[in-house]
Amino acid sequence: PAPARAMDPIAEKILTVARAHSTGCTDADIKARLPPEVSNTDRVAAYNLLLTRGRLALRRREDGTVLYQEIPAESAAKTSGMTVNERLVYGLIEAAGNVGIWSKRLREKSSLHQAQLTKVLKALEQRRLIKSVKPVHSKTRKFYMLFDLVPAKEITGGPWYNDQQELDTGFIETLCKLIGRFLKGRESADLSTITSFIDESKVSLERLNEENIQSLLDIMVYDGDVEQSPSFDPANPDARGTPTFKIRKPSMPVSNALTKTPCGVCPVARECTPDGLISPLTCVYMTDWLDTDF
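Just so we're clear, the structure is a prediction, and the values are computed from it rather than from any experiment.

Undergrad: Please clarify how the pattern of salt bridges should be interpreted in this entry.
TA: One side chain can pair with another of opposite charge once the charged atoms of both are near each other. Enumeration according to the criterion identifies five salt bridges in this entry. A salt bridge links Asp27 to Arg43, with the nearest nitrogen and oxygen atoms 2.9 Å apart. Linking Asp27 in helix H2 (residues 27-33) with Arg43 in helix H3 (residues 40-52), this pair joins segments that are 16 residues apart in sequence. Residue classification places Asp27 among the partly exposed residues on the basis of a relative accessible area of 28%. With relative accessibility at 7%, the residue Arg43 sits in the buried group. One salt-bridge network, held together by shared partners, links Arg19, Arg55 and Glu70.

Right under this line is the structure:
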């Protein structure tokens, strides 16, 4: 009993040192800050005590160096009863955040054999501490993250992918049509206004931000359904304003002699010059029109 009590101050000192190194510290870092009378045996015993209580986690650098990292008391309660290997793997998965860590990378960083790692992962999944996800960019790979985390959009593909991680074209089309109907009822609207409208419509279970809505507007501009133009401030004509969006009205050319020529409906007619890159002298449409038997 007496030696066990004597380890407590050493363990506390180790935690203090580890706390000062948010990314973990080496055995040499800890040893340098312990009293000189602390033996290697006592130091190792303190490590084991902290590992058993879940207050210390093991990490590995790229070069294989072992790092010790403090685990807060509230987090330690979640990992109580874990084996050393389970804590090691749990810590690596926790550090990966909502991006997750590839199973192969997990094996490399933990230095566990495949059979050992499989056993550990199964135990952690059964306790609902971790979960596996398959990223949309590589469905053959399995990534692991903490059970309660929402996967990052790099993993799920964002709001445009369904539960089967397939591009949800129907959902995208529905949103584009909804934006189109919204714009038809007004002269124009900026990105913030359109985003607020989509949010209030509750058409998406996942909240869509301005970046998401901008990607939809880009599609609509590219398809020719919507026009984008910067706002204009008469007081500061040189300043670039916030872009606004409006429905693109279909052109209704008046039928006359000019509109019946290729030039009358050509979208680049203003750039057409006799000596330019776009020229009536080299225009295949003009040549075909001239060859037409009226």
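There is more to say after this.
Undergrad: Would you mind showing me how to read the nonpolar core here?
TA: Nonpolar side chains in soluble globular proteins tend to be buried together. With 35 residues, the main nonpolar core has Ile14, Leu56, Val89, Ile93, Leu106 and Ile130 as its most contacted residues. When contributions to this core are tallied by element, the ones reaching two or more residues are helix H1 (2-19), H3, strand E1 (56-60), helix H5 (84-96), helix H7 (114-126) and strand E5 (143-146). Looking at this core, the element that brings in the most residues is H1, giving six residues. The contacts of Ile14, once residues within four sequence positions are left out, are Ile30, Leu34, Arg43, Ala46, Tyr47, Leu50 and Leu56. Grouped together as the second largest cluster of nonpolar side chains are 20 residues, Ile172, Leu175, Met220 and Val226 included.

Undergrad: Looking at this structure, I do not really get the side chain of Arg59. What am I missing?
TA: For Arg59, the location among the structural elements is in strand E1. Buried and unpaired, Arg59 has no salt bridge, with Glu94 as the nearest side chain of opposite charge at 4.4 Å. Apart from residues no more than four positions distant in its own chain, Arg59 is found in contact with Thr65, Val66, Leu67, Gln69, Gly91, Leu92 and Glu94.

Undergrad: Help me understand H7 in this model?
TA: The periodicity of an α-helix, 3.6 residues per turn, causes residues three or four positions apart to be oriented the same way. When the terminal C-alpha atoms of H7 are compared, their 18 Å separation across 13 residues agrees well with the 18 Å that a helix rising 1.5 Å per residue should span. Residues Leu117, Val120, Leu121, Ala123 and Leu124 constitute the buried set of H7. End-on, the buried residues of H7 take up no more than an arc of 160°, which puts them together on one face. The outward face of H7, more than 90 degrees from its buried face, is lined by the exposed residues Ala115, Lys119, Lys122 and Gln126.

Undergrad: What should I look at first to understand H5 in this one?
TA: An ideal rise of 1.5 Å per residue puts 18 Å on 13 residues; H5 measures up with 19 Å between its terminal C-alpha atoms. Where H5 ends, the next residue or the one after it, Gly97, has phi of about 65°, a positive value.

Undergrad: Help me understand the packing of H5 against helix H6 (residues 103-110) in this model?
TA: How two helices pack is summed up by the angle between their axes together with the distance between the axes. In the contact formed by H5 and H6, the axes pass within 10 Å of each other and the chain directions differ by 125°. As the angle between them shows, H5 and H6 are arranged oblique. Crossing hand, H5 versus H6: right-handed. Residues Leu88, Val89, Leu92 and Ile93 of H5 form the contact with H6, whose participating residues are Leu106, Lys109 and Ser110. Looking at the contact of H5 with H6 residue by residue, the classes come out as five nonpolar, one polar and one charged.

Undergrad: Whenever I open this one, the packing of aromatic side chains confuses me. Can you help?
TA: Ring pairs (aromatic) are described by centroid distance and by the angle formed between their planes. Within the structure shown, the criterion is met by two aromatic pairs. For the ring pair Tyr47 and Tyr68, a centre distance of 4.2 Å and an interplane angle of 10° mean the geometry is stacked. Of this pair, Tyr47 sits in helix H3 while Tyr68 is found in strand E2 (residues 66-70), placing the two residues 21 residues apart along the sequence. Owing to a relative accessible area of 12%, Tyr68 belongs among the buried residues under this scheme. For the ring pair Phe182 and Phe197, a centre distance of 4.2 Å and an interplane angle of 15° mean the geometry is stacked.

Undergrad: What's the story with unusual backbone geometry in this structure? I'm lost.
TA: Unlike most non-glycine residues, Ser111 shows phi in positive territory, near 60°. Residue Arg128 is not a glycine yet carries a positive backbone phi of 55°. Mapped onto the secondary structure, Arg128 falls in the loop between H7 and strand E4 (130-133).

Undergrad: In this structure, what is going on with the sheet that holds strand E3 (residues 101-102)? I would like to understand it.
TA: Strands pair in a sheet through their backbones, by hydrogen bonds, and they do so in one of two ways: parallel or antiparallel. Reading across from one edge, E3-E5-E4 is the order of the three strands in this open sheet, with antiparallel pairing throughout. Each end of this open sheet is capped by a strand with a single partner; those strands are E3 and E4. Its contacts with the sheet place H5 against E3, E4 and E5, and it is angled at close to 90° to E5. Sitting on the sheet, H7 is in contact with E4 and E5, with an inclination near 110° to E4.

Undergrad: Teacher, can you tell me more about the sheet that holds strand E8 (residues 243-247) here?
TA: Overall, antiparallel pairing links the three strands, which are arranged E6-E8-E7 in an open sheet. In this open sheet, the two edge strands, each paired with only one partner strand, are strand E6 (189-190) and strand E7 (226-230). Note that E6 and E8 share two bridges and pair antiparallel. If you follow Ala189 over to E8, its bridge partner there is Phe245. The strands touched by helix H11 (residues 210-222) are E7 and E8; relative to E7, the strand with the most contacts, the crossing angle is about 115°.

Thresholds, definitions, all that
Each chain has its residues counted from 1, following the order in which its sequence is written. In view of the model being predicted, local features appear only for residues whose pLDDT reaches at least 70, and side-chain atom pairs are presented and counted only at 80 or more, with totals across whole chains, interfaces and linings using the full set of residues. No hydrogens and no water enter the side-chain calculation; it runs on all heavy atoms of the structure. Take a side-chain nitrogen of Lys or Arg and a carboxyl oxygen of Asp or Glu: if they are within 4 Å of each other, that pair is a salt bridge. Only runs of H or I of at least four residues qualify as helices and only runs of E of at least two qualify as strands under DSSP, and these elements are numbered from the N terminus. Under the scheme applied here, a residue whose accessible area is under 20% of the maximum for its type counts as buried, over 50% as exposed, and between as partly exposed, the area being computed with a 1.4 Å probe on protein chains only. Each nonpolar core is a collection of buried residues, namely Ala, Val, Leu, Ile, Met, Phe, Trp, Tyr and Cys, held together in the definition by side-chain atoms within 4.5 Å. Here, residues are in contact when the closest pair of their heavy atoms is within 4.5 Å. Lys and Arg are tallied as positive, Asp and Glu as negative. Neither His nor the chain termini are counted. To estimate how far a helix should extend, the number of its residues minus one is multiplied by 1.5 Å. Directions are taken from the helix axis to each C-beta atom, and the arc is the one they span. Note on method: axes are straight lines fitted to C-alpha atoms, helices fitted across the in-contact stretch only, with angles between N-to-C directions ranging 0 to 180 degrees. Angle categories: roughly parallel below 35 degrees, roughly antiparallel above 145, roughly perpendicular from 65 to 115, and oblique for all the rest. Throughout, a crossing is termed right-handed when the near helix is turned clockwise from the far one, and left-handed when it is turned anticlockwise from it by less than a right angle. For this classification, Asp, Glu, Lys and Arg are treated as charged, while Ala, Val, Leu, Ile, Met, Phe, Trp, Tyr, Cys and Pro are nonpolar and the rest, including Gly, are polar. Note on aromatic contacts: the rings of Phe and Tyr and the six-membered ring of Trp form a pair at centre separations within 6.5 Å, being stacked when their planes are under 30 degrees apart, edge-to-face when over 60 apart, and tilted otherwise. Two strands make a pair as long as DSSP finds a minimum of two bridges between them.

Scope: geometric values only; no functional claims are made or implied.
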